[in-house]
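Now for the letters of each chain:
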Amino acid sequence: MPCIVQGETAGKRMQDTMTTEEPGGESSLHDLGAEVAALETQFDIVRYMRRQCEIYNLTFFMAFTLPGFEAEKLSAHSIISNWPPEVMTKYDGAHMVRHSASIRRLRLTTIPFSYDMAQWIGEADGDFSELGEAMKKHGMQVGHFFPVHDALGNRGAVVWSGLGETMEIRDRLSLQMISIHVFNRLAEIGAAWRSGQIVLTEREIQCLSWTAAGKTSLEIAEILGLSEHTVNHYLNQVTRKLEAVNRTQAVVKAIRRGLIA
């Protein structure tokens, strides 16, 4: 597997990182934990992750629960993500979650690793050239995978991706800590969210159900006899109520809670 870390001995650099006051040092990691703990919603975490991408010269991120062997779609396990819709659609459409070398490796290790995405596609069982082209187009050349788990032992991962630039061990350690804290905070927010009662109106349920069926806002408007603007309003309301980052995630969350079939 192609490791992106280069340069000094990893053990020495890690020791330096943990004992300095520079970014990635012990004091900074403590502040990092407090900062993530203060995030109150998934929206807050998404904004936080976008800022981290800028700091570490990355572009995309996803936090997800580890898919089982029978999983069909990665999107069903995604908690937060800013992956381009084109990439996510091609990934799920090809059932890549069943063929991915990185998913297989996540089931076997708790050690972070990196993949050159072209090689990652090449190691998959099948022809996934269209997915590879889509990832290349959006600059998803390298993926940095961090296996994580929450306080209850539920396993997952946070993957960061961008251009194929060398990542120092100090940055890798910081991203690992960020990934651990973020995944646990997402679990805490999810637990609080599940314990609360979400009430959707009949129209919101109708609009979300038709969205789950693959209908566009315009098509839903024609079916329900509403304006497209009104349908978008209902769907935006549902997305906020469910603390989802987009409509696709709102559908997944609503299905999990039994709010729609």
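Conventions we followed
Residues numbered from 1 in each chain as written. Predicted model: local features only at pLDDT ≥ 70, side-chain atom pairs only at ≥ 80, totals over all residues. Heavy atoms only, no water. Axes fitted to C-alpha atoms, helices over the stretch in contact; angles between N-to-C directions. Helix = DSSP H or I, 4+ residues; strand = E, 2+ residues; numbered from the N terminus. Parallel < 35°, antiparallel > 145°, perpendicular 65-115°, else oblique. Contact = heavy atoms within 4.5 Å. Nonpolar A, V, L, I, M, F, W, Y, C, P; charged D, E, K, R; others polar. Phe/Tyr/Trp six-rings, centres within 6.5 Å; stacked < 30°, edge-to-face > 60°. Buried < 20%, exposed > 50% of the residue type's maximum accessible area, 1.4 Å probe, protein only. Lys NZ or Arg CZ within 6 Å of the ring centre and 35° of its normal. Arc of directions from axis to C-beta.

Engineer: Break down the packing of helix 9 (residues 202–212) against helix 12 (residues 247–256) for me, with residues and values.
Structural biologist: The interhelical angle for the contact between helix 9 and helix 12, taken along N-to-C directions, is 110°, at an axis separation of 10 Å. With respect to their mutual orientation, helix 9 and helix 12 come out roughly perpendicular. Residue-level contacts link Leu-208, Thr-211 and Ala-212 of helix 9 to Ala-250, Val-251 and Ala-254 of helix 12. The class makeup of the residues in the contact of helix 9 with helix 12 is 5 nonpolar, 1 polar and no charged.

Engineer: Mind laying out the packing of aromatic side chains, listing which residues take part and the relevant values?
Structural biologist: Counted under the stated rule, the structure contains 5 aromatic pairs. Between Tyr-91 and Trp-120 the ring centres are 6.1 Å apart and the planes differ by 20°, which places this aromatic pair in the stacked class. Linking Tyr-91 in helix 4 (residues 85–93) with Trp-120 in helix 6 (residues 117–122), this pair joins segments that are 29 residues apart in sequence. For Tyr-91, a relative accessible area of 1% translates into the label buried. Between Phe-113 and Phe-145 the ring centres are 5.1 Å apart and the planes differ by 10°, which places this aromatic pair in the stacked class. On the criterion of sequence distance, the pair formed by Phe-113 in strand 3 (residues 113–116) and Phe-145 in strand 4 (residues 142–149) is long-range, its members being 32 residues apart. Overall, the relative accessible area of 5% leaves Phe-145 in the buried class. Taken together, the aromatic side chains of Trp-83, Tyr-91 and Trp-120 make up a single cluster linked through ring pairs. Sitting above the plane of the Phe-69 ring, Arg-107 keeps its charged end 4.3 Å from the centroid.

Engineer: Break down helix 9 for me, with residues and values.
Structural biologist: Every buried residue belonging to helix 9 is among Glu-204, Cys-207, Leu-208 and Thr-211, and all of these are buried. Seen from one end, helix 9 has its buried residues packed into an arc of 95°, which puts them on one side. Looking at the packing, one finds that the buried side of helix 9 touches helix 10 (217–224), helix 11 (228–241) and helix 12. The first or second residue beyond helix 9 is Gly-214, which carries a positive phi of 95°.

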